[in-house]
Amino acid sequence: MKMKKFFISMMFVFSALMMFNGCIVSDKKLADKVQEAIINDEQSNGNTLEVTEFQLDEKGSPKKGVLKGQLNGKEVVYDISVTDEGSEFDVDWELRK
């Protein structure tokens, strides 16, 4: 009986770790997609954006973040808001003045 409880407990721990790991991967993918969306938008406007730092708060809804970089050679900061709905996300950003 003890072995069965131990086995069930280990399966639960393993499952929890896998779920936690999945969240980390999805947050990383979301951050990459947000950066890509902003860079692509600037490129479509004829600008070049090079990201130097990106932080996205993983908690809360919408998620808030800050992107720092070089836009056409000038230092810029964007304030970011991301609504994540699983397979889809909506991102809004504003250039600080």
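So, a few notes on the structure that sits alongside this text. (Residues numbered from 1 in each chain as written. Predicted model: local features only at pLDDT ≥ 70, side-chain atom pairs only at ≥ 80, totals over all residues. Heavy atoms only, no water.)

In this section: the overall build of the protein. Within the protein, the secondary structure is distributed over one helix and four strands. Along the protein, from the amino end to the carboxyl end, the secondary structure elements read α-β-β-β-β. Scored against the burial criterion, the 97 residues of the protein give a buried share of 22%. Within the protein, counting contacts between residues at least 6 apart in sequence, those at least 24 apart form 28% of the total. In the form shown here, the protein has an accessible surface area of approximately 7500 Å², with 57% of it arising from carbon and sulfur atoms. (Helix = DSSP H or I, 4+ residues; strand = E, 2+ residues; numbered from the N terminus. Buried < 20%, exposed > 50% of the residue type's maximum accessible area, 1.4 Å probe, protein only. Contact = heavy atoms within 4.5 Å. Areas by Shrake-Rupley, 256 points an atom, 1.4 Å probe, with all protein chains shown as cover.)

This paragraph deals with the nonpolar core. Residues V34, Y78 and I80 are the most contacted members of the largest nonpolar core, which totals 14 residues. When residues of this core are traced back to their parent elements, those giving at least two are α1 (2-44), β1 (49-56), β2 (63-71) and β3 (74-85). In this structure Y78 touches I38, E42, L49, G65, V66, L67, L71, W93, E94 and L95, once residues within four positions along its chain are discounted. (Core = buried A, V, L, I, M, F, W, Y, C linked by side-chain atoms within 4.5 Å.)

Turning to the side chain of E42, a few remarks are in order. Looking at the secondary structure, you find E42 in helix α1. For E42, the side chain forms a polar contact with the side chain of Y78, separated by 2.7 Å. For E42, the residues in contact, after removing those within four places along its chain, are N47, L49, L71 and Y78. (Polar contact = N/O pair within 3.5 Å; in protein donor to acceptor, adjacent residues only side chain to side chain.)

Looking now at the pairing of β1. By the bridge criterion, seven bridges tie β1 to β2 in an arrangement that is antiparallel. Among the inter-strand pairings, Q55 is bridged to a residue of β2, identified as V66. Between the antiparallel neighbours β1 and β2 lie six residues, among them G60 with a positive phi of about 90°. (Pairing = 2+ DSSP bridges.)

Below, the discussion takes up the pattern of salt bridges. Summed over the entire model, instances satisfying the criterion amount to two salt bridges. The shortest N-O distance in the salt bridge between K28 and D32 comes to 3.0 Å. Of this pair, K28 and D32 both sit in helix α1, four residues apart, which is roughly one turn of the helix. On the basis of relative accessibility, which here comes to 51%, the residue K28 falls in the exposed class. (Salt bridge = Lys/Arg side-chain N within 4 Å of Asp/Glu carboxyl O.)

Located in the positive-phi region is N72, a residue other than glycine, with phi close to 55°. By the element assignment, N72 lies in the loop between β2 and β3. On the accessibility criterion, N72 (44% relative accessible area) is partly exposed.

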